[in-house]
Amino acid sequence: MRSLILSALAAMSLPLAGQAAEGTRIQVTGEIIDTWCYYSGVMGSPDAVVGSAHHTCALWCSAGGIPVGLLAEDGTVYMVLKVGEDDQTAGGDTTLKLAAHTVEADGMLYERDGLNYLVVADVVSDLDITNQNHDDYGNVPPFSIPDPNK
């Protein structure tokens, strides 16, 4: 009976595996972000964890292995799995050079369980850091420094 159930489960998963492997070629413009700070809120609001105010932290997180994302102009976040031929995107030099930069990326979009994954074949254009928000938030938002009195 157990083998019958396992066989049925395996047969049901075959179509899903085929669907997961299919991607859609897209070109998307947006900012390379640090996904930990963006989603966790540990460093403040979504406005505070992008652009020039968050550049240094984005470098630290990427170098430490936190997955990077691409925050599109329409607000969609894509988890970046790979950029070009860089097999270690999260900590690779390619992504460190792009942290907080606005880029136009050409690649394959994979959607699964409500998440968007992007394998970037080519960075078509690198517009550098276009979100100059450090005047508003400083280089490190003051609310991200723990208060020693608490």
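Structure: see above.
A short tour of the structure in this document, coming up.

Definitions and cut-offs
- Residues numbered from 1 in each chain as written.
- Predicted model: local features only at pLDDT ≥ 70, side-chain atom pairs only at ≥ 80, totals over all residues.
- Heavy atoms only, no water.
- Disulfide = S-S within 2.5 Å.
- Buried < 20%, exposed > 50% of the residue type's maximum accessible area, 1.4 Å probe, protein only.
- Helix = DSSP H or I, 4+ residues; strand = E, 2+ residues; numbered from the N terminus.

1. Observations regarding the state of the cysteines
Part 1 of the reasoning: This structure, assessed with the given rule, holds zero disulfides.
Part 2 of the reasoning: Not engaged in a disulfide, the cysteine Cys-37 finds its nearest cysteine sulfur in Cys-57; these two sulfurs lie 3.7 Å apart.
Part 3 of the reasoning: Of the residues examined, Cys-37 reaches a relative accessible area of 2% and is grouped as buried.
Part 4 of the reasoning: A disulfide-free cysteine, Cys-61 has its sulfur positioned 4.1 Å from the sulfur of Cys-57, the nearest such atom.
Part 5 of the reasoning: Judged by its relative accessible area of 13%, Cys-61 is buried.

2. Looking at unusual backbone geometry
Part 1 of the reasoning: Positive phi outside glycine occurs at Ala-100, with the angle close to 70 degrees.
Part 2 of the reasoning: Turning to its location among the elements, Ala-100 is positioned in the loop between helix 4 (93–98) and strand 4 (102–112).
Part 3 of the reasoning: Taking the relative accessible area as the measure of exposure, Ala-100 reaches 3% and is therefore buried.
Part 4 of the reasoning: Phi angles above zero are rare outside glycine, and Asp-128 is one such case at about 70 degrees.
Part 5 of the reasoning: With respect to the element layout, Asp-128 can be found in the loop between strand 5 (115–126) and helix 5 (134–137).
Part 6 of the reasoning: On the basis of relative accessible area, Asp-128 is assigned to the partly exposed category, the value being 42%.

Treat this as a map of the structure, not an account of what it does.
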